[in-house]
Amino acid sequence: MFFLPAISRLFAPKLVEEEAGFLDENPEYMFVNNRKSFMKMLPILSQANSCVMDTEADSMYHYQEKLSLIQISVGKYHWLIDPLCGLNLKPLWKCKALKNITFHACDYDLRLLAVFHEFYPEKIYDTSIAARLLGEKQTGLAALVEKYFGVRLSKENQKADWTKRPLPPEMCYYAVQDTVYLDALKELQSERLRKLGRMEWLQESCETLLKNLKKQNENSKNIQKESWRLKGSNIFKPYELQLLRAAWQWRDKEAKRKDCAAYRVLNPYLMLDIIRAAARAKGKIDERSLPKLPRNIKGNMLKSFLGALNEAASAPASEFPSIIVNKAAPRTSINEDLREKLRELRNEKAEQLQIESGLLAKQSQLNALANTLNGDWEEKFNVAEFMNWQREIWWSLIPKATLPKTPDEFRAWAKQRLLAMDAETKAMESEKLLIELSKRATLENGYIAAFYPTELEPQIVPFLRKLAGENRLLLPRVLDKQKMEFALVQNLDSDLCVGAFKIMEPKAELPAFENPPTAFLVPGVVFGKDCSRIGHGAGYYDQFLVNFKGVPRFGVAYSVQIRTSLPQNAADMKMDEVLWVK
């Protein structure tokens, strides 16, 4: 093997087809499963500057997951490499072409290569990431191949058992199709990425993917011994953990015996239910103590399962697993209003760039930016683990991340958002608010002092008609610049007229209602989750409500009118509850 590089240079064919963007319309492949075919492939891969790769595994069919097939293409050369045939593949990983590999959605491929062959390429190009950065709506390989090349790829063997030997021709054809189009796709994408100035985004995204994968693989090695602690078992007591460990070990043994995936023996969610029930059993654990078991667990298999549980249950408490106290999560103090502002800025920028918003910041990253304990913006970006291209975009957005402070600023903020609401969202939220109003026991009897909505307010007219029909609707009427009163309205069509501020109000001939109502429905421009309120500024409701402090006050609002809290003064009246669509 020492002379392989020299031999490669002497005898390797000219790779004319390796030119960027080559598309082999009539692919022929070589199945590499012996030394002869392997040695025939190596010189080409040793000379080529890059390659295209995909992998197949068998996690759905066998106990021990295996890397079952490796597909590699360089121009017109296509190989299906059998990693199960006993070949020593170490020379493959040293080839020049494997330093720079094009994949599609390579997270799983890279994990398989790392776990089974301790191989990490130096450089990758992921056509799935590129598609996302280009704003593609569908980023699956089949969708991209159909869009760019007009070819519909078969999905028939997507979940096939790739350990079959010999591999049927249709599976081989399916496998080679996974790499045939990637080089041409890469070239088309790269041209568009360069025009948009996003090539560096892709390069950094791929580098970050590789770096994170290495970190994850190291972490996974450290937690494998505790893999029996299923998600959801963190609340279990030591006795329940003892039973869970026994059940998991039994399942693992059965899966190994049957050579199948462990979940096919016993679903993990059902396993947790079984453990909860077994822990409640008094005396010996039997089938009657447990939820309905899968049909495959019967006879000797059922007997061994119950035996494993009872043996674990009878062990001394000193042998029970201990509860793992998770490390306390880093302290947070998230400014929800800032997070919402940052989300708006992110979404606006993503729409401008025509990419999905999650590429600019995921929810966890927005939380890091809005965490007031994270220091200045530079520190926030570090905690969020932003890539450089993301940082550049966020530095341009941060000056816009200002929050309203004064009541007038809050009013302007809310009115802008209300004007931007589409009719469909308004109708949907209004419908849900009507349902919420119908659920409130306080509103089921007595006189309800409500409001007639303007175009910008929740459309609660159907609820008002119901109240009017029951002869218990009170609506406000403005008297002067400081005062208002309520009058009983029995017919929305004949008892109202256009009043002050062009709002529908009771006609002048309707007498004022002098008694306290059962409850108030209060409009506003902005509401806080702490039940604070900012109105239009004239103070009508604040001055009126001060005389009815014992009467429940319900603020009614669209979701865009909600903040965490609002600046209030002594004259501002808080609500008892704010109704809005969360």
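Just above, that's the structure.
Residues numbered from 1 in each chain as written. Predicted model: local features only at pLDDT ≥ 70, side-chain atom pairs only at ≥ 80, totals over all residues. Heavy atoms only, no water.

## What about the overall build of the protein chain?
Move 1: Across its full length, the protein chain carries 21 helices and 17 strands.
Move 2: With the C-alpha coordinates aligned to their principal axes, the bounding extent of the protein chain is approximately 105 × 70 × 45 Å.
Move 3: For the protein chain, the residues scored as buried account for 48% of the 582 residues in total.
Move 4: Taking all contacts inside the protein chain whose residues are at least 6 apart in sequence as the whole, residues at least 24 apart take part in 68%.
Move 5: With the model as given, the accessible surface of the protein chain reaches about 31600 Å², and the carbon-plus-sulfur share is 51%.
Move 6: Averaging the locations of the 84 positively and 74 negatively charged side chains of the protein chain gives two centres separated by 5 Å. (Helix = DSSP H or I, 4+ residues; strand = E, 2+ residues; numbered from the N terminus. Buried < 20%, exposed > 50% of the residue type's maximum accessible area, 1.4 Å probe, protein only. Contact = heavy atoms within 4.5 Å. Areas by Shrake-Rupley, 256 points an atom, 1.4 Å probe, with all protein chains shown as cover. Lys, Arg positive; Asp, Glu negative; His and termini not counted. Charge placed at Lys NZ, Arg CZ, Asp CG, Glu CD.)

## Thoughts on the nonpolar core
Proteins that are soluble and globular tend to have nonpolar side chains buried together.
Move 1: L45, I72, W79, L98 and W394 are the most contacted members of the largest nonpolar core, which has 67 residues in total.
Move 2: Broken down by element, the residue count for this core peaks at seven residues, all from helix α9 (residues 199-223).
Move 3: Other than its neighbours up to four places away in sequence, W394 contacts L342, R346, L360, A361, L366, L369, F381 and F386. (Core = buried A, V, L, I, M, F, W, Y, C linked by side-chain atoms within 4.5 Å.)

## Describing the pattern of salt bridges
Move 1: Considering all chains together, one arrives at 27 salt bridges under this definition.
Move 2: The salt bridge partner of K466 is E470, with a shortest N-O separation of 3.0 Å.
Move 3: Residue classification places K466 among the partly exposed positions, given a relative accessible area of 43%.
Move 4: The network of salt bridges with shared partners includes E436, K439, R440 and E577. (Salt bridge = Lys/Arg side-chain N within 4 Å of Asp/Glu carboxyl O.)

## Focus: helix α14 (residues 336-353)
Move 1: Along its 18 residues, α14 runs 25 Å from first to last C-alpha, staying within 8% of the 26 Å computed at 1.5 Å per residue.
Move 2: Those residues of α14 that sit buried are D337, L338, R339, K341, L342, R343, E344, L345, R346, K349, A350 and L353.
Move 3: Capping the start of α14 is the job of one residue whose side-chain oxygen sits 3.1 Å from the backbone nitrogen of D337: N335.
Move 4: Q354 lies just past α14 and shows a positive phi near 60°. (Expected span 1.5 Å × (residues − 1). Polar contact = N/O pair within 3.5 Å; in protein donor to acceptor, adjacent residues only side chain to side chain.)

## Remarks on the sheet that holds strand β14 (residues 533-534)
Sheets are built from strands paired through backbone hydrogen bonds, the pairs being either parallel or antiparallel.
Move 1: Ordered in space as β14-β13-β16, the three strands form an open sheet in which the pairing is mixed. The open sheet terminates on both sides in strands that have one partner only, identified here as β14 and β16 (562-563).
Move 2: Inspection of the sheet shows strand β13 (residues 526-528) paired to β16 by two bridges, in the parallel sense. Opposite F527, over in β16, you have I562 as the bridge partner. (Pairing = 2+ DSSP bridges.)

## A closer look at the packing of aromatic side chains
How two aromatic rings sit relative to each other is set out by the distance from centre to centre and by the angle between their planes.
Move 1: All chains considered together, the criterion is met by 18 aromatic pairs.
Move 2: Centre to centre, the rings of W201 and W389 are 4.4 Å apart; their planes meet at 15°, and the pair counts as stacked. Of this pair, W201 sits in helix α9 while W389 sits in helix α17 (residues 388-397), placing them 188 residues apart in sequence. Just as W201 is buried, W389 falls in that class too.
Move 3: Judged by centre distance (4.9 Å) and plane angle (75°), the ring pair of F381 and W395 falls under edge-to-face. (Phe/Tyr/Trp six-rings, centres within 6.5 Å; stacked < 30°, edge-to-face > 60°.)

## Looking at the pairing of strand β15 (residues 553-556)
Move 1: Alternating residues of β15 divide into R553 and G555 and F554 and V556, and every residue in both groups is buried.
Move 2: Pairing analysis gives three bridges linking strand β12 (residues 519-522) to β15, with the strands arranged parallel. Within β15, the position partnered with L521 by the bridge is F554.

## Here's the deal with the environment of A449
Move 1: With respect to the helices, strands and loops of the structure, A449 is situated in strand β7 (residues 448-449).
Move 2: Using a relative accessible area of 1% as the deciding quantity, one classes A449 as buried.
Move 3: Once residues within four sequence positions are removed from consideration, A449 is found in contact with L474, F486, P517, A519, F520 and L521.

## Re the side chain of T163
Move 1: Mapped onto the elements of the fold, T163 is located in the loop between α6 (141-149) and α7 (169-180).
Move 2: Within the structure, the side chain of T163 is placed 2.6 Å from the side chain of D161, a separation counted as a polar contact.
Move 3: For T163, the contacting residues outside a window of four places in its chain are D58, H62, K66, S68 and L84.

## Brief notes about the pairing of strand β9 (residues 484-489)
Move 1: Bridge count for strand β8 (residues 473-478) against β9 is six bridges, and the pairing is antiparallel. Bridging across to β9, R477 finds its partner in E485.

Everything listed here is a matter of geometry and, on its own, says nothing about what the molecule does.
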